Amino acid sequence: MNPSELAAVQAMLKDAEAIAQSYFGRVKPQWKSSQSYVTEADFAVQDCIIDWLNANHPDDGIIAEERALRREPVRGGRHWIIDPIDGTASFVRGFATWGIGLALVEEFEPLAGFFACPAAGERYWAVRGHGTWRNGKAVHVRRPAPLGKETVLLAFSRIHRTGLLERSFPGKVRSLGSTIAHAAYAAAGCGDAALLARSMIWDLAPGLILLREAGGVIRYLHGRQISLRDIMEGGPTVQPLLCGHPGTLDALERHLISDR
């Protein structure tokens, strides 16, 4: 992705942010069959992005969360992955930790990723080979350090029901309500690591390149790094995932029960 293409995507996302903000605090959610929320804002933001892609990248494929939208590329293997509002429950409740996720993927490898979090005034982006950026400043995952009482683990909201995290973990657990936000904050070094529940392609693709370009990884517990090939066909991931610096994840895994 060259600088002019990057600028064009960022301009489009500002339009999408404005649409999302116009609905913020004014929506009534509906339940999807997956037992997650959806709102008018999700559809409006997704339509904005798809209209732009149809006008500017008509030959590329699209995989989007809402309406189970999937369009194969006319040629090649490029797909745009869209999560119009990640953290819809937070969006509905008035919390600021929601955002618009977008990734460009080619042959299962992310080329670029974006997370626009307008209520928090934050924008993240990464392009392969050019680092990860937060509000115009390059960011990196936090370097490994001994786990202690100020260690911050970002985790999914129902972790207390899983028995996955042992009582021996000495740090703090934070749940922000958005999978991509957790990956982005781990990439920026705000959290030491993130623990993700079962996730779909649109949950992971933007955060994957944000982490990689910031010096981190997303990997299965005690296992290999995630490949988008695993979930490109509509999957969710079958196991929890860890995000962060590999050294931090090695230390954290000693406090996780991996057979859950």
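The coordinates are above.
Our subject in this report is the structure included herewith. (Residues numbered from 1 in each chain as written. Predicted model: local features only at pLDDT ≥ 70, side-chain atom pairs only at ≥ 80, totals over all residues. Heavy atoms only, no water.)

### Let's talk about the overall build of the protein
Reasoning step 1: Helix and strand content of the protein: six helices and 15 strands.
Reasoning step 2: Over its C-alpha atoms the protein spans a radius of gyration of 17 Å, differing by no more than 12% from the 18 Å that the globule rule assigns to 260 residues.
Reasoning step 3: Over its C-alpha atoms, taken along the principal directions, the protein stretches across nearly 50 × 40 × 35 Å.
Reasoning step 4: Counting every position in the protein, which comprises 260 residues, the buried fraction comes to 51%.
Reasoning step 5: Nonlocal contacts in the protein, meaning residues at least 24 apart in sequence, comprise 58% of its contacts between residues at least 6 apart.
Reasoning step 6: Of the roughly 12000 Å² that the protein leaves accessible, carbon and sulfur atoms contribute 49%.
Reasoning step 7: The protein carries 29 positive and 28 negative side-chain charges, and their two centres are separated by 7 Å. (Helix = DSSP H or I, 4+ residues; strand = E, 2+ residues; numbered from the N terminus. Rg over C-alpha atoms; globule rule 2.2 N^0.38 Å. Buried < 20%, exposed > 50% of the residue type's maximum accessible area, 1.4 Å probe, protein only. Contact = heavy atoms within 4.5 Å. Areas by Shrake-Rupley, 256 points an atom, 1.4 Å probe, with all protein chains shown as cover. Lys, Arg positive; Asp, Glu negative; His and termini not counted. Charge placed at Lys NZ, Arg CZ, Asp CG, Glu CD.)

### What to know about the nonpolar core
Reasoning step 1: The biggest cluster of nonpolar side chains holds 39 residues, and the ones touching the most others in it are Ile-81, Phe-115, Ile-201, Leu-211 and Ile-218.
Reasoning step 2: Counting residues per element, this core draws most heavily on helix α5 (residues 201-213), which supplies eight residues.
Reasoning step 3: Once residues lying within four places of it in the same chain are set aside, the contact partners of Ile-81 are Ile-63, Gly-101, Leu-102, Ala-103, Val-105, Ile-201, Trp-202, Ala-205 and Met-232. (Core = buried A, V, L, I, M, F, W, Y, C linked by side-chain atoms within 4.5 Å.)

### Quick word on the environment of Asp-250
Reasoning step 1: Looking at the element boundaries, Asp-250 is found in helix α6 (residues 246-252).
Reasoning step 2: By relative accessible area, Asp-250 is classed as partly exposed at 39%.
Reasoning step 3: Through-space distance from the C-alpha of Asp-250 to that of Ser-227 is 19 Å; in sequence the pair is 23 residues apart.

### A short note on the sheet that holds strand β11 (residues 152-155)
Reasoning step 1: Ordered by their spatial adjacency, five strands build an open sheet running β12-β11-β13-β15-β14, and the pairing between neighbours is mixed. Of all the strands in the sheet, the pair left with one neighbour each is β12 (172-174) and β14 (217-220). Pairs of neighbouring strands in the sheet enclose a mean axial angle of 25°, with direction left out of account.
Reasoning step 2: Bridging between β11 and β12 involves three bridges; their strand directions are parallel. Bridging from a neighbouring strand, Leu-153 pairs with Val-173 of β12.
Reasoning step 3: α5 rests against β13 (193-196), β14 and β15 (241-244) of the sheet, and its axis sits at about 120° to β14. (Pairing = 2+ DSSP bridges. Axes fitted to C-alpha atoms, helices over the stretch in contact; angles between N-to-C directions.)

### Here's the deal with the sheet that holds strand β7 (residues 109-117)
Reasoning step 1: Pairing is mixed in the open sheet, where eight strands are placed in the order β4-β3-β5-β6-β7-β8-β9-β10. The open sheet is flanked by β4 (69-71) and β10 (137-139), the only strands paired with a single partner. The sheet shows a mean angle of 20° between the axes of neighbouring strands, taken without regard to direction.
Reasoning step 2: Both strand β8 (residues 122-127) and strand β9 (residues 132-134) contribute to a ladder of three bridges, which runs antiparallel.

### Re the environment of His-245
Reasoning step 1: Within the secondary structure, His-245 sits in the loop between β15 and α6.
Reasoning step 2: For His-245, a relative accessible area of 25% gives the class partly exposed.
Reasoning step 3: Separated by 30 residues in the primary sequence, His-245 and Gly-215 place their C-alpha atoms 6.6 Å from one another.
Reasoning step 4: At 2.9 Å, the side chain of His-245 and the backbone nitrogen of Gly-247 are in polar contact. (Polar contact = N/O pair within 3.5 Å; in protein donor to acceptor, adjacent residues only side chain to side chain.)

### Quick notes on the side chain of His-57
Reasoning step 1: Positionally, His-57 belongs in the loop between α2 (40-56) and β3 (61-64).
Reasoning step 2: Residue His-57 is classed as buried on the basis of its relative accessible area, which comes to 18%.
Reasoning step 3: Ignoring anything within four residues of it in the chain, the contact list for His-57 reads Trp-52, Arg-71, Arg-78 and Trp-80.

### Digging into unusual backbone geometry
Reasoning step 1: The backbone of Glu-107 sits at a positive phi, close to 50°, despite the residue not being glycine.
Reasoning step 2: At Phe-108, a residue that is not glycine, the phi angle is positive and equals roughly 75°.
Reasoning step 3: With respect to the helices and strands, Phe-108 occurs in the loop between β6 (99-106) and β7.
Reasoning step 4: For Phe-108, a relative accessible area of 21% corresponds to the partly exposed category.

### Let's talk about the pattern of salt bridges
Should the charged atoms of two oppositely charged side chains come close, the side chains can pair.
Reasoning step 1: With the rule as written, the count across this model stands at twelve salt bridges.
Reasoning step 2: Taking the shortest distance from any N to any O, the salt bridge between Arg-67 and Asp-47 comes out at 3.1 Å. Placement of Arg-67 in the loop between β3 and β4 and of Asp-47 in helix α2 is noted, with a sequence separation of 20 residues between them.
Reasoning step 3: According to the relative accessible area criterion, Arg-67 is exposed, its value standing at 51%.
Reasoning step 4: A relative accessible area of 31% places Asp-47 in the partly exposed class. (Salt bridge = Lys/Arg side-chain N within 4 Å of Asp/Glu carboxyl O.)

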